[in-house]
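Chain residues, written in single-letter form:
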Amino acid sequence: MKLKRKAALSAVAVGVLSALGTAVAAPVYEIKNIEKVPNDPNSEVCKDIKPEDCFYYDFEGAGKGTLDSTRNGYAQGVNSKDELVGIALGRKKLNTEDVDDEFVDADDGIAPSEAISYSVNSEIIANNYPFVASETWVPTFESINGATAPKDSTDTNAVNSVDAQYFGINEDGVRVGNMTAAEKKLPYDGDNADQEFWFYRDYEQRAVAVKDGQQIDLAPPYTSYTNDEEKTANIGGFSGATAINKNGLVVGYAGIDISQNSKNNLDNDCLNKDDLSIPLDICIQQDQFPDSRNVRRINYQIRGYVWQINSDNSVTPESLPLGFTPNDSDNSIYTAQALGVNDDGVVVGRSFVEREGNSNRRRYDAAFWTKKDDGSYEYHWIPVPDVKDDRESIAYDINNNGIAVGSYSTFFSTQTSPVDKFFYYDTKADNAEVITPEDFTGKVSDLRSRGRAINDEGQVVGYTETLDDTSTTRSKVAFLFDEKLEENNFWNINELLTCGSKGYKQSDGDWVRNEVEVTDGSGKSLSYTNKITVVDASDISEDGTIVGTALIQRPAYQVDVNGNPIVDPDTKEPLFVLDADGNPVTNAIPRMVILKPTGEQIKDDEAESFNEKCPYQTKDAQSGTKYERKGAAIFGGLLALIPFAFIRRRNKK
């Protein structure tokens, strides 16, 4: 494997770096969306502590870092006005329908998320919810396409059928993302006496923008299929929006056709079937929904796509070219996606391509597109270090200096499977090559990493693996990379956090882990150690504000064989899972996180002393090791819960 550590940058990039100068220290960060929560001063955990010191840190708001009544929260994008967008996932199953009598919806522990399965025979229940946050940084639900909040205070039985997500926001506060259509019903006339309706939706995913409260649908060009017998299936089409720049240019992807196999499936299953026993819309919906293996019978030819939102909110769409031109007889599915855009309208993402024109090396590789004088776009391949052996690559973001960031999949002799490695690439330089920075091991190691966002200061954020020296366990942490730093320019963001942001408090002059007291359904008081770890950084604004995902410890509720919470028969409150010593078993759950620079800085030779007073990983917390700045040993055992389906770029500030 050939790795390029340094390469010639364009004159523009060199000029920008020269103007920015060099830095000698990394910024210290503070988590802004956590607050002090007092423990009961008469509790066991407060026994030997001053009352004013008996507290712990938790995320703000009713949902504690996500929407109320959902399990997971992920921050996706932020602008320079401190406006944030994100996604909440997993409506909680912990509700009054799970027991005979009503009980308190306790937020002290982890309720199991509701498992959603799709069927035309039952109501469609959505499980993805968009949110915004600003100022107080508390997630606030925003309705798209008529969606209802996961916890509707006016109707506890409200069923939401619209899945929606936000991925990006620009300086004017225009949000972009995806949505489904709302549920529709048809009278049921089958053999099930207990069923009254069939259920379907007009489309399963569509790009959307929300500007000044007005929803703007970003429709795909292909929404129906007509066969040789002139029979038509209205399939709704498929599109997604991932990013928006300051000029209102939205980028994403859209279906321009469906595969030949999909056309055959529609013909055989629905259109040409003489004895079709169900309505056509229901037959089409059955092919749209994933089966038990998560396989859909309708699949699209996806291309990168852009939509220009005009001043009157009309939309001008444009398809981006694929990396090569398939033969007319080729029925394979080839995909491209636009994932990021800068204010000059340069788009980055990925596309199928024939590397160096070789049809035997068709790969799904990072790319960028530039606009030509006639308004169309030109494709450009972002090369991988090893054309022959590297698997695939992706570009997530590009700043206004033309520097793109992403990752490529390569092989190391120490690993049996491909490893994603973070890269940056100068789109303005002649004959540019991707640059693979050294990570915090002091080399280009086999730790997996992805660069997800870059600002105009050249600061890159994303996530990387760490390795605990005491085991082979690898976990993810967020990173900050800054080429301007004279010494160490690749940092584990958790090593840049204030002690309070790591879950510590000061007691009698020492920094100690927060102890959290909880009471389970039996009335017994229990305690556990609180800990916060930032595992992914999804965006960074020009002032250095970082948003992403953190894991926080929560005790797990007991559940039965069906996944329903077990509650105390008398109190009707949930019971916690306990270990052999009678202590709560804790799991880490993902919540949105906002990091702001404090104004302090850490020089490389100060890192050990800075973290020694409150190491983010210690032997008594998640089986980690004592802080060690230069080594690969950081921590292990945390769950990597960020779904790749949502790792898409959002906006360029």
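Before any of the text, the structure's been laid out above.
A quick note: this is a predicted structure, and the numbers were derived from the prediction, not measured.

A.B. asks: Would you explain the state of the cysteines in this entry?
C.D. replies: Note on terminology: a disulfide is the covalent bond linking the sulfur atoms of two cysteines. Summed over the entire model, instances satisfying the criterion amount to 3 disulfides. Through a disulfide, Cys46 is tied to Cys54; the S-S separation comes to 1.6 Å. Judged by the sign of its S-S torsion, about -80 degrees, the bond between Cys46 and Cys54 is left-handed. Residues Cys46 and Cys54 agree in their burial class; the two are buried. The disulfide that involves Cys499 links it to Cys614, with 2.0 Å between the sulfurs. Taking the sign of the torsion about the S-S bond as the criterion, the disulfide between Cys499 and Cys614, at about -75 degrees, is left-handed. Of the two residues, Cys499 sits in the loop between β30 (490-492) and β31 (504-507) while Cys614 sits in the segment after α4 (607-612), which places them 115 residues apart along the sequence.

A.B. asks: How do you make sense of the packing of aromatic side chains when you look at a structure like this?
C.D. replies: Ring pairs (aromatic) are described by centroid distance and by the angle formed between their planes. Counted by the stated rule, this structure contains 20 aromatic pairs. On the numbers, 6.5 Å between centres and 65 degrees between planes, the contact of Phe197 with Phe199 is edge-to-face. Judged by its relative accessible area of 25%, Phe197 is partly exposed. Here Phe199 falls in the buried class, since its relative accessible area comes to 7%. Judged by centre distance (5.0 Å) and plane angle (85 degrees), the ring pair of Phe324 and Tyr334 falls under edge-to-face. Pair noted here: Phe324 is in the loop between β19 (315-319) and β20 (336-341) and Tyr334 is in the loop between β19 and β20, with a separation of 10 residues, a long-range link. Residue classification places Phe324 among the buried positions, given a relative accessible area of 10%.

A.B. asks: Would you take a moment to explain the pattern of salt bridges for this structure?
C.D. replies: Two side chains with opposite charge may pair up if their charged atoms get near one another. Inspection of every chain in the model, using the stated rule, returns 22 salt bridges. With its nearest N and O atoms 3.9 Å apart, the salt bridge here joins Arg201 to Asp163. Note that Arg201 is positioned in strand β11 (residues 197-201) and Asp163 in the loop between β7 (140-141) and β8 (164-169), a separation of 38 residues in sequence. Each member of the pair, Arg201 together with Asp163, is buried. When the shortest N-O distance is used, the salt bridge between Lys421 and Asp439 registers 3.6 Å. Of this pair, Lys421 sits in strand β26 (residues 419-426) while Asp439 is found in the loop between β26 and β27 (449-454), placing the two residues 18 residues apart along the sequence.

A.B. asks: Looking at this structure, how should I read unusual backbone geometry?
C.D. replies: Residues other than glycine predominantly adopt negative phi, and peptide bonds predominantly adopt the trans conformation. If you check the backbone angles, Glu230 has positive phi at about 60 degrees while not being a glycine. In this structure, Glu230 sits in the loop between β14 (224-226) and β15 (232-234). Unusually for a residue other than glycine, Glu356 sits at a positive phi of about 55 degrees.

A.B. asks: Just to check I follow, could you spell out the sheet that holds strand β5 (residues 83-91) for this structure?
C.D. replies: The pairing of strands in a sheet comes from backbone hydrogen bonds and takes either a parallel or an antiparallel form. Overall, antiparallel pairing links the 4 strands, which are arranged β4-β5-β6-β7 in an open sheet. For this open sheet the edge positions go to β4 (70-78) and β7, each flanked by a neighbour on one side alone.

A.B. asks: Would you mind going over helix α2 (residues 260-271) with me for this structure?
C.D. replies: Because each turn of an α-helix spans 3.6 residues, side chains separated by three or four positions in sequence point in the same direction. When α2 is considered as a whole, its buried residues turn out to be Ser262, Lys263, Asn265, Leu266, Asp267, Asp269, Cys270 and Leu271. Along its buried surface, α2 packs onto β14, β15, β17 (249-258) and α3 (280-288).

Calculation rules
- Residues numbered from 1 in each chain as written.
- Predicted model: local features only at pLDDT ≥ 70, side-chain atom pairs only at ≥ 80, totals over all residues.
- Heavy atoms only, no water.
- Disulfide = S-S within 2.5 Å.
- Buried < 20%, exposed > 50% of the residue type's maximum accessible area, 1.4 Å probe, protein only.
- Helix = DSSP H or I, 4+ residues; strand = E, 2+ residues; numbered from the N terminus.
- Phe/Tyr/Trp six-rings, centres within 6.5 Å; stacked < 30°, edge-to-face > 60°.
- Salt bridge = Lys/Arg side-chain N within 4 Å of Asp/Glu carboxyl O.
- Pairing = 2+ DSSP bridges.
- Contact = heavy atoms within 4.5 Å.

Shape is all these values report; function is a separate question.
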